[in-house]
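# Descriptive structure summary
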Amino acid sequence: TKRRVSVGRVKAGAPRPRGVFERIAVHGHEQVSYWYDPPSGYRGIIAIHSSALGPGLGGTRYWYYASDGEALEDVLRLARGMTYKAAVAGLDLGGAKAVILGDPSADRAAVFRVHGRHVHSLGGRYLTAEDVGTSPADMAFVREETPYVTGLAGRSGDPSPMTSWGVFRAMQAGAKVVWGSDDLADRTVAVQGVGHVGYGLCELLHRRGARLIVTDVDPARVKRAVAEFGAKAVSPGAIYAAVADVFSPCALGAVINDTTLARLRVKLVCGGANNVLAEERHGRLLERRGIVYVPDYVANAGGIINIYQEVAGWTAEQSHAKTSAIYDTVLRVLEIARDEHIPSYQAADCLAEERLAAAERAKGLPHRA
Ligand code: NAD
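The structure reproduced in this document is the subject of the present report. Treat the numbers as computed from the prediction; the structure is a model and nothing was measured. (Residues numbered from 1 in each chain as written. Predicted model: local features only at pLDDT ≥ 70, side-chain atom pairs only at ≥ 80, totals over all residues. Heavy atoms only, no water.)

The environment of the ligand is formed by 17 residues, the closest being T163, H196, V197, D216 and R221. Interatomic distance of 2.6 Å between a side-chain N/O atom of H196 and an oxygen atom of the ligand. One nitrogen or oxygen atom from the main chain of V197 is found 2.8 Å from an oxygen atom belonging to the ligand. Compared with its free state, where it exposes 830 Å², the ligand has 73% of that area covered by protein. Elements with a minimum of two residues in the shell around the ligand: α5 (160-179) and α6 (196-207). When the residues that make up the shell around the ligand are grouped by side-chain class, the tally is 7 nonpolar, 8 polar and 2 charged. (Near = heavy atom within 4 Å. Polar contact = N/O pair within 3.5 Å; in protein donor to acceptor, adjacent residues only side chain to side chain. Areas by Shrake-Rupley, 256 points an atom, 1.4 Å probe, with all protein chains shown as cover. Helix = DSSP H or I, 4+ residues; strand = E, 2+ residues; numbered from the N terminus. Nonpolar A, V, L, I, M, F, W, Y, C, P; charged D, E, K, R; others polar.)

For the structure shown, the criterion picks out 6 aromatic pairs. Summarising the aromatic geometry, the rings of Y308 and W314 are spaced 4.8 Å apart at their centres and angled 85° between planes, so their arrangement reads as edge-to-face. For Y308, a relative accessible area of 7% corresponds to the buried category. Here the aromatic residues Y62, Y64 and F112 are joined through ring pairs into a cluster of three or more. It is R108 that lies over the ring of Y62; its NZ or CZ is 4.3 Å from the centre. (Phe/Tyr/Trp six-rings, centres within 6.5 Å; stacked < 30°, edge-to-face > 60°. Buried < 20%, exposed > 50% of the residue type's maximum accessible area, 1.4 Å probe, protein only. Lys NZ or Arg CZ within 6 Å of the ring centre and 35° of its normal.)

Glancing now at unusual backbone geometry. Phi is positive for D186, close to 70°, though the residue is something other than glycine. Notably, H341 is not glycine yet its phi reads approximately 55°, a positive angle. Within the secondary structure, H341 is located in the loop between α13 (326-340) and α14 (344-363).

M171, V191, L205, L212, V214, I304 and V330 are the most contacted members of the largest nonpolar core, which has 65 residues in total. Setting aside chain neighbours within four positions, we find V214 in contact with V191, V194, C202, V222, A225, A231, K232, A233, V234 and I239. Counting residues in hydrophobic clusters, the runner-up holds 21 residues, among them V255, A273, Y293 and Y345. (Core = buried A, V, L, I, M, F, W, Y, C linked by side-chain atoms within 4.5 Å. Contact = heavy atoms within 4.5 Å.)

This is how it looks when you write it as structure tokens:
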């Protein structure tokens, strides 16, 4: 039987629905909550996409949006992305996200305390965490108002080492599919960004005998990777054309685009960054060029698995084992892609949807993905 293939992202150029309810209906989000507090200047939106597998976990983003509509679009997209990420990682978590509309004159303590009350009002259906534009200090204010916040200092700790480990496991699985062996010794990996995730990944690869080519906009970080791992340094613009086996984006999103695609000299793309494909069609174009793409949210799920420790009461060993299993998930995703002749990003969505549909059936819920 043919799988139901649903496309996980908004297509470029697709007409956008206009009303709020219409927008919520497009991808079947369960709930959207708005909260406005004029005294503090807090304006926040929380979107719960799916709670079929469990409470919706997703960070709070603080961002200067051009309009309320743009903020809604962002929170809906991000919440849905979290549903897929948790589902494909095999966690009993749903997908949700929060955005706060930035106001430079607002008092941060007051804003995040109101946000904590907003999170609390959902009674645990939404669990928040740090995200772009928010810090542990902000989350400490949230914590004063609600227990439904994860990733605080002294709890599961920095998720980056687990993310690096998951990307490493994903890369091993990708190598198995491309070269028939998951041994990365003597493979050359071009790593874009040697920050938290990229540096940890380089360490793992170096220990297994891989050769490294690195770049970063921060010269001190490049220097450290060269000194510690014998990496070859290239300029940020030159990383795309590096002669290597694997390209590993660990800095920014949208790095596989019309400009960079033709320059790649690798057989495998697998990294820690989110939203690696500028548009869906770039996933298809990569494959047309004979390059295997390990979908970003499958490869970088170690971070959310690490946070899940706090929700499920797991030990660090349990998180490590679950993160190691990203290897099997990648093999499965690439197998679906091959068997069904679909791009790997779509195959990942299929796998997530299978789990979601089963949970929805078990709970007698309508299918919403
Ligand atoms: P980080 O800020 O520690 O590292 C990013 C690095 O990229 C920095 O060293 C920065 O200088 C460098 N960089 C920025 N622009 C660059 C450019 N144009 N060219 C080359 N280098 C550039 O962040 P991180 O925590 O390592 O996260 C990296 C990526 O992984 C992000 O996209 C993040 O969303 C994603 N991610 C991180 C985690 C996690 O656990 N930290 C989990 C999932 C996904």
